[in-house]
Amino acid sequence: MAAAGLRAFATRGPGWRWRGRWAPLSAGVCSRSEPGARPTSARQRDGIRNIVLSDPKKRNALSLAMLKSLQTDLLHEAESKDLRVIIISAEGPVFSSGHDLKELTDERSPDYHAEVFQTCSEVMMLIQNHPVPIIAMVNGLATAAGCQLVASCDIAVASDKSSFATPGVNIGLFCSTPGVALGRAVPRKVALEMLFTGEPISAQEALLHGLLSKVVPAEQLEEETMRIARKIASLSRRVVSLGKAAFYRQLPQDLRTAYHLTSQTMVDNVALQDGQEGIKAFIQKRKPIWSQ
Amino acid sequence: MAAAGLRAFATRGPGWRWRGRWAPLSAGVCSRSEPGARPTSARQRDGIRNIVLSDPKKRNALSLAMLKSLQTDLLHEAESKDLRVIIISAEGPVFSSGHDLKELTDERSPDYHAEVFQTCSEVMMLIQNHPVPIIAMVNGLATAAGCQLVASCDIAVASDKSSFATPGVNIGLFCSTPGVALGRAVPRKVALEMLFTGEPISAQEALLHGLLSKVVPAEQLEEETMRIARKIASLSRRVVSLGKAAFYRQLPQDLRTAYHLTSQTMVDNVALQDGQEGIKAFIQKRKPIWSQ
Amino acid sequence: MAAAGLRAFATRGPGWRWRGRWAPLSAGVCSRSEPGARPTSARQRDGIRNIVLSDPKKRNALSLAMLKSLQTDLLHEAESKDLRVIIISAEGPVFSSGHDLKELTDERSPDYHAEVFQTCSEVMMLIQNHPVPIIAMVNGLATAAGCQLVASCDIAVASDKSSFATPGVNIGLFCSTPGVALGRAVPRKVALEMLFTGEPISAQEALLHGLLSKVVPAEQLEEETMRIARKIASLSRRVVSLGKAAFYRQLPQDLRTAYHLTSQTMVDNVALQDGQEGIKAFIQKRKPIWSQ
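Numbers given for residues are sequential positions, taken from 1 along each chain in its written order. As they are written, the chains are lettered A onward and the ligands numbered 1 onward, keeping that order. The predicted origin of the model limits local features to residues at a pLDDT of at least 70 and limits the giving and counting of side-chain atom pairs to 80 or more, whereas totals for whole chains, interfaces and linings rest on all residues. Based on all heavy atoms of the structure, the side-chain values leave hydrogens and waters out of the count.

Chain A goes by Enoyl-CoA hydratase domain-containing protein 3, mitochondrial in an unreviewed UniProt entry, where it is assigned to Vulpes vulpes. UniProt positions are given in the numbering used here, feature names are shortened, and annotations may be inferred rather than shown by experiment. The Function (unreviewed entry) field of the UniProt record for chain A holds the comment "May play a role in fatty acid biosynthesis and insulin sensitivity." The UniProt entry for chain A carries the following comment under Sequence similarities (unreviewed entry): "Belongs to the enoyl-CoA hydratase/isomerase family."

J.: What exactly am I supposed to notice about the interface of chain B and chain A here?
T.: For this analysis, residues touch if any pair of their heavy atoms sits within 4.5 Å. With 55 residues of chain B at the contact, the number on the chain A side is 42 residues. A carboxyl oxygen of Asp or Glu within 4 Å of a side-chain nitrogen of Lys or Arg is what we treat as a salt bridge. Counting across the chain B and chain A interface gives three salt bridges. The shortest N-O distance in the salt bridge between Asp 106 of chain A and Lys 280 of chain B comes to 3.0 Å. A 3.5 Å cut-off defines polar contacts: any pair of N or O atoms within that distance qualifies, except that in protein one atom must be a possible hydrogen donor and the other a possible acceptor, and neighbouring residues in sequence count only when both atoms are side-chain atoms. Between the two partners, chain B and chain A, sit 20 residue pairs in polar contact (both at pLDDT 80 or more).

J.: Honestly, the sheet that holds strand β6 (residues 141-143) of chain B in this entry has me stumped. Any pointers?
T.: Strand pairing in a sheet relies on backbone hydrogen bonds, with the paired strands running either antiparallel or parallel. All names here are of chain B. An order of β4-β6-β8-β9 is seen for the four strands of this open sheet, with the pairing classed as mixed. Of all the strands in the sheet, just β4 (94-96) and β9 (201-202) have a single pairing partner and so form its edges. Paired strands, in this sense, are two strands between which DSSP finds at least two bridges. The helix and strand labels rest on DSSP assignments: H or I over at least four residues marks a helix, E over at least two residues marks a strand, and numbering proceeds from the N terminus. For strand β8 (residues 163-165) and β9, the ladder comprises two bridges, and the chain directions are antiparallel. Bridge pairing in β9 places Phe 164 opposite Ile 201. Against the sheet, helix α4 (residues 145-152) makes contact with β4, β6 and β8, and its axis sits at roughly 100 degrees relative to β6, the strand it touches most. Between N-to-C directions, angles cover 0 to 180 degrees, with each direction set by a line fitted to C-alpha atoms, over the stretch in contact for helices.

J.: What am I meant to see in the interface of chain C and chain A here?
T.: Much of the literature gives interface size as the accessible area that the parts lose upon coming together. At the interface, 42 residues of chain C touch 55 residues of chain A. The quantity reported as buried area is the accessible area (1.4 Å probe) lost by two parts once they are put together, taken as the sum for both. For the pair chain C and chain A, the two sides together bury roughly 4200 Å², of which 67% comes from carbon and sulfur. Inspection of the region where chain C meets chain A yields three salt bridges. On the surface where chain C and chain A come into contact, there are 20 residue pairs in polar contact (both at pLDDT 80 or more).

J.: I tried to follow the sheet that holds strand β8 (residues 163-165) of chain A on my own but got confused; where do I start?
T.: Residues and elements named next belong to chain A. With mixed pairing, four strands are arranged side by side in an open sheet as β4-β6-β8-β9. Of all strands in the sheet, those with a lone pairing partner are β4 (94-96) and β9 (201-202), marking the two edges. Of the pairings in the sheet, the one linking β4 to strand β6 (residues 141-143) comprises two bridges and is parallel in character. The residue of β6 that forms the bridge with Ser 96 is Ala 142.

J.: Before we go on, may I ask you to explain the side chain of His 130 of chain B in this structure?
T.: All names here are of chain B. Inspection of the secondary structure puts His 130 in the loop between α3 (110-129) and β5 (134-138). Among the polar contacts made by the side chain of His 130, one reaches the main-chain carbonyl oxygen of Leu 74 at a distance of 2.7 Å. Other than its neighbours up to four places away in sequence, His 130 contacts Leu 74, Ala 78, Leu 83, Ile 86 and Lys 244.

J.: Looking at this model, I keep getting lost on the relation of the copies chain C and chain A. Mind explaining?
T.: Each of the two chain copies goes to the other by way of a rotation about an axis and a shift along it. Alignment of the copies relies on least squares applied to C-alpha atoms, considering only residues that score at least 70 for pLDDT in both. For the pair chain C and chain A, the relating rotation is 120 degrees, the translation along its axis is 0.0 Å, and the fit reaches an RMSD of 0.0 Å. Expressed as an axis order, the relation between the two copies is that of a three-fold axis. Among all residues of chain C, the minimum C-alpha distance to the rotation axis is found for Leu 208 of chain C, at 4.2 Å. Each copy contacts the other with its own distinct surface, as only 10% of the interface residues of chain C are interface residues in chain A too.

J.: Would you mind going over the side chain of Arg 49 of chain C with me for this structure?
T.: Along the chain, Arg 49 of chain C turns up in strand β2 (residues 48-53). A distance of 2.9 Å separates the side chain of Arg 49 of chain C from the side chain of Gln 44 of chain C, its partner in a polar contact.

Set out below in C-alpha cells:
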C-alpha cells in the first residue's frame, strides 16, 4: 500500500493526528483543482481510525480519486493490532453526493466508466470484508453512491437532520449499484420507492426501515459515535474480527450451513487465548485483559 | 394480446378514458352473473395505466376470470413507450378478499385448482418482471391472495383505514402462496403471526414492517399515489425499466455477483442516450429531454 | 425419546398438569446441584404445551443439560394430534442468559465445546422444523443464546420490560451462532450494532426491528400469549403444520421455485379433508369441524 503516511502519524504522538496532504495516488487519476491534495484525510488514535471525506466543495463526490483514496485509507495497515475500528465521516453539509458525474460523460470511454463502478463496488465490498467494524457517521445528505456507502457500513449513526436518497433516476442514471446495498438494508418496498422516485427519506425513516443503527441530535453525533467506537476498541480485536467475518459469511447461507459454519467459529473462538481469558475473567468477576 | 381496446381508448382523447365492458376473455373461463362483463377495468392517460378490480359485490375475489383479466391488463402493450407506470386499485371497501372459494371446492378437479394457483403465481411474478413500476393503491381490506397482490407490487400506498390479513388458516387453507410475497416483504415473525393466527394488521403496522411504502389519510390516497405515478411517468422509461430489472435480478445473488451484474448495468445505463442526456442536462443545469 | 412422562400427565386429567422432576437425561451430562432435577418443566392442556426454562438461579443458562431437556420436551410426541402449539417461557427475571460459561472453559475438551454448540444449533433448527408453531413468551432479559432462542421461535411475545442483547463480545466470545438467528430476524445494521457493542435493545426496539411479534404490559403477557396459542390450537393441526413447513421451505428459494413449491402445497391443501371442510363451512356460513 502507498499509504505509509498514516502510520507515521499514528505512532508519533498521543492526540488526534491529522494526516497532511498526500501525493496524488497516481498522476493519471487525480485531477483536482488543488494538485497534490487527497480527497480524504485520516487520523488514528487509541485504535480508532477516522476517515473523513474532505472535498466539501464537490459535495464529497465519490470520484475515482475519492474512491481510491478511501480504499487506501481503509486498507492501510488493516491487519495492524493498533487498528480496532474505523469511522467514516465527511466535511461539510453533504456526506456524499455519489459519483462525480463529470467522470460519466461520453468524453470518457466505457472502460473508464467500468473502472469507476468496479472501484466503487470494490470499496463497498472491502467494507464488509475488512477485519474491523466500520461505522458511518452521517451529518447531512447522503445520495446515490453516498447513500450506498452508508448502507454498506457495518453500523451507521446519523444526526436527525440527515437524509438519504437514490435520485439517479432523475438524471437518467438508475441507482442500480446503490440498490445492491440499499436492497440488503431496507424492505424492498422502501428501496423501490426510493429508487423509482428519487425522493429522500428522513433520518427517522431510515432508522425505522433499517438503513441506520441509531439517530441522535446533531450536537450528540460525534459523542455517540465515539462512544460506540471506544466500546468496540476496548474489545478483543481478534474476537471482533472473527465474529464480523462469520456474520457476513453465514448470512446468505441456508440455515443448516449457517449453523455448521458458525458452530465451528464458536469452537475456534472458545479456543482462542482471548476467548479463555474472557470466560475466566467473567467467572472470576474481574475485567479481562485481552492479548490483542 | 386480446386487449386491443385499451390502446384504442388511450390514443383517442385528452382525458381519463374508461374502458367499456369487454368481451369475456374466453367463454370457458368467465362465468359471472353479468355475461360479457370483465372483472377488471383499465384506463390510461399520460403514461399512467390504472387497472381497477371491479367486482365489489364479490369483494374483488381473485377468481380465475379476475386473475386472467388482470393479467391481460398488465400485459396489454406492456412494451409500449406510452406506458410508464401502472396503478392497481379496487372498487368498493374491500381491495381484494383473495381467491374465490367457490372455485376451490371438490366440485372442481385438482387440475382446475392447480390452474387457479398457477395463474395467480404467474400474475404475481409478472408484476416483478413487468417493464414498468407497478403501484398498489389500497383503500380498505386486503386479505389472502389480495394481501399477496399488495405485497407483490413494487410500491404500495394505502389509506390509514386499510388493513391486511392472511386468514386462510381459519378456513383450513393456509396462505402458503401469499406467504411467498409476505415473507419477502416483512420480518418473518410478523409474517408467521399473520399466517398462523389469521389476524389483520393495520396500515400503520404494515408500514412499520415493510409491507407498504406509504400510508396517508383516505382523502389523500389518490392524490399521493398519482403524485408518485406522475413522477415516475416523467422519467426515462428505458432507464426505469432497466433499473427495475436489475434490482430484482441482483437481490437474491451473493454480494459479489450482485455488484458484478449491476456494475455492468451502470456502464450500459451511462451509454444509453437518456443516460448521457440526463448527465449532461445536470451538468448544464437544464431539464433533461428523454428520448423515450 | 425418553420423555414418556409428558403424555402420561397430558392424557390423565382436565386441568394444567405439571410434570414432576424427571430422572436426569444422562448421568454424564447433568451435573446440577439438585440431583435428578430437570432444568425444564413441561405441561400440556387443550393442545397447548408450555415448556418452562426452570433454572432461575443459573439465570436459565442454556447448559448442555438444559438444551437436551428442551430438545426432549420439544420432540416428545411431536406428531401427536393432541399437540397443536408450544409456548416456551422461563422462571424468574431472566428468560435465558445463554450458554453456561463454566462448560466453555479449557477444563472441557474442544469436543465437548463442539457438542454444546451443535446441540444448541440442533435445538434452534428443531424449532423451525417442528410440526407445530412455537411461541416464545418473554418476560425479562434474553441474552446471547437466550436471545437466539427468542429469534428462532416462530412467534415471540414479550412484556414491555423485556430486553435483548448479544453481549458475548464483552467476554471474548462473539455471538456467532446467535447471529445466525438474529441476522435473519432484524436488519443487519441492527444485528451488527448488537453483536459489536453487546448493548441491549428494549422490547419496543425489538418489535420495531422484527425480533418480536408483539409487546404487551407484563400483566397481560400470559393472557395475550395464551390468546394466540388458543387461536392456533383451534385450527386444523394438519393445515397449520403443512403451512409452517411450506413457509420455511420456500423462504430461501428464488421466486419461481418458491411459487412452484407453494402452488403445489395449495393444491394439496385444498384436497385435504380439512381444506374441503373449511371451504364448505365458509360457503355455508357455519363453523368448520376439523378432522385433526
